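Descriptive structure summary
These are the residues of each chain, in order.
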Amino acid sequence: MPFCSGQGTSPLRQQGTTTVNSTRPTDNARHSTLLALLIAMMLALTACAQAEPVSHLREVQPVSLVSDIMFGAYTYGGIWRGMEPVLELEADLGRRLDIVHWFTNWQNDWDPRLVAPLVGTGRMPMISWQNHDVSVREIAAGARDAYIRSWAEGIREYGGLVYLRPFPEMNGDWTSWNGDPEGLVLAWRHMVGIFNEAGAHNARWVWSPNVTDEPRTEANRMENYYPGSEYVDILALDGYNWGSVRNFIGWRSFEDVFAEGYDRVTALGAQPFWVAETGSTEHGGDKAAWVQDMFTTRSFDRLEAIIWFNENKETDWTVDSSQSTLASFQAVVPLLGSVDLASSDR
């Protein structure tokens, strides 16, 4: 979630592990080339409609499946307000989301009502689990075991895959869990152990630092917070294009935002890579072109999923911040395939 300085910072909201067997092919370059051609064709078809209402742009429906990357989103208020925010976004995009992202804190119990609407729909939950008022040392020492176990048992009973993202952006000093890498690693491993003991083997653990370390010190390097490959299913990053909203960062392409961080996290393990949060401002460049570049990049061979941060907050990160941006999403998202992870075994 975007929040402070850095390329991918975020605002805080109240809200036992093996590597996932991915079925994603590796011929990204071929897919990206074809996708780029189709995007250009679709945008040419919609160019004359830019002065028309957004509802007219929704009529453009690509017809070919050219990429298997998963696409998801965080939507403001969803899933806490029900499925309406998710369904509205999907109507704009012309396709269902593969991943529905929301935030929760450690004052909230596991609630099966939040995941129930996703059952049988092809959508998978990613839950950012934020311990605002609970220290990592407290978690590591076992003081919250009953609470963690209740989540593990609830997820086990749910049965479907649940992507858990504890301690997001742990290398950012805007988070309360920043600053104690050793304690965080101990807490993470302790949590995974409880889930394994409870038989919650359908939980998947998403380790998701910010693309830059803030502060940028040796002690705060993202690598110091890594609990080990046996405790992490997905390597991820959060990163944003702030443009002129943050002049000290400036306009940066999708590849510029993620390139260095990608090299660092993928050096830690062989797991799939996700962009767990991203977005772009309209200020300082061409957001519609930025979106096209995001979907056609050839730079990240292990990229399996992109999860958009769809909220108007520090800037308008939403997919419909302009008609041209919405047209870019509509030209691409319906073409995307999805990876069937439902049969992935631990």
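Residues numbered from 1 in each chain as written. Predicted model: local features only at pLDDT ≥ 70, side-chain atom pairs only at ≥ 80, totals over all residues. Heavy atoms only, no water.

**Quick look at the overall build of the protein chain**
Of regular secondary structure, the protein chain possesses 10 helices and 8 strands. Here the protein chain holds 346 residues, and the buried ones make up 58% of them. Carbon and sulfur atoms provide 50% of the accessible area of the protein chain, an area that totals close to 12,800 Å². (Helix = DSSP H or I, 4+ residues; strand = E, 2+ residues; numbered from the N terminus. Buried < 20%, exposed > 50% of the residue type's maximum accessible area, 1.4 Å probe, protein only. Areas by Shrake-Rupley, 256 points an atom, 1.4 Å probe, with all protein chains shown as cover.)

**Considerations on the packing of helix H6 (residues 145-158) against helix H7 (residues 181-197)**
For the pair H6 and H7, interaxial distance at closest approach is 9 Å and the crossing angle is 50°. In terms of axis orientation, H6 runs oblique to H7. For the pair H6 and H7, the sense of crossing is right-handed. Across the interface between the two elements, Asp145, Ile148, Arg149, Trp151, Ala152 and Ile155 of H6 pack against His190, Met191, Ile194 and Phe195 of H7. A breakdown of the residues in the contact of H6 with H7 according to their chemical character gives 7 nonpolar, 1 polar and 2 charged. (Axes fitted to C-alpha atoms, helices over the stretch in contact; angles between N-to-C directions. Parallel < 35°, antiparallel > 145°, perpendicular 65-115°, else oblique. Left-handed = near helix turned anticlockwise from the far one by under 90°. Contact = heavy atoms within 4.5 Å. Nonpolar A, V, L, I, M, F, W, Y, C, P; charged D, E, K, R; others polar.)

**Quick word on the pattern of salt bridges**
Under the defined criterion, the tally for this structure stands at 14 salt bridges. Of the charged contacts, one joins arginine 264 and aspartate 213 as a salt bridge, the two residues approaching to 2.8 Å between their closest N and O atoms. Placement of arginine 264 in helix H8 (residues 254-266) and of aspartate 213 in the loop between strand S5 (203-207) and strand S6 (234-241) is noted, with a sequence separation of 51 residues between them. Each of the two residues, arginine 264 as well as aspartate 213, counts as buried. Among the charged side chains, a salt-bridge network with shared partners connects Asp213, Arg221, Glu223 and Arg264. (Salt bridge = Lys/Arg side-chain N within 4 Å of Asp/Glu carboxyl O.)

**Here we look at a negative patch on the surface**
A cluster of acidic side chains, namely Glu255, Asp256, Asp286 and Asp293, defines a negative patch on the protein surface. When you line up the elements, aspartate 286 lands in the loop between strand S7 (273-280) and helix H9 (287-296). For aspartate 286, a relative accessible area of 45% gives the class partly exposed. (Patch = residues over 30% accessible without salt bridge, like charges linked within 9 Å, V, L, I, M, F, W, Y side chains within 5 Å. Lys, Arg positive; Asp, Glu negative; His and termini not counted. Charge placed at Lys NZ, Arg CZ, Asp CG, Glu CD.)

**Focus on the sheet that holds strand S8 (residues 303-310)**
On the basis of which strands lie adjacent, the closed barrel formed by 8 strands has the order S1-S2-S3-S4-S5-S6-S7-S8 and parallel pairing. Each strand of the sheet is rotated relative to its neighbour by a mean of 30°, with strand direction disregarded. Bridge analysis of S6 against S7 gives 7 bridges, and the strand direction is parallel. Paired with leucine 237 across the bridge in S7 is valine 275. Along the sheet, H8 makes contact with S5, S6, S7 and S8, crossing S6 at roughly 155°. (Pairing = 2+ DSSP bridges.)

**Describing the packing of H9 against helix H10 (residues 323-332)**
Between two packed helices, what matters for the description is the angle formed by their axes and the separation of those axes. Put simply, H9 and H10 touch, their axes get as near as 7 Å, and they point 20° apart. Taken as axis vectors, H9 and H10 run roughly parallel relative to one another. Note on packing geometry: the crossing formed by H9 with H10 is right-handed. Touching Lys287, Ala288, Val291, Gln292, Met294 and Phe295 of H9 are Ser324, Thr325, Ser328, Phe329 and Val332, all from H10. For the contact of H9 with H10, a count of residues per class yields 6 nonpolar, 4 polar and 1 charged.

**Brief notes about the pairing of strand S1 (residues 70-75)**
A large share of S1 lies buried, amounting to 6 of its 6 residues. In S1, alternate side chains face the same way, and those of Met70, Gly72 and Tyr74 on one face and Phe71, Ala73 and Thr75 on the other are all buried. Pairing geometry for S1 and strand S2 (residues 99-105), over 3 bridges, is parallel. Bridging from a neighbouring strand, alanine 73 pairs with valine 100 of S2. Taking the sense of rotation as the criterion, the β-α-β connection linking S1, helix H3 (residues 84-93) and S2 turns out right-handed. (Right-handed = clockwise from strand over helix to strand, strands pointing away.)

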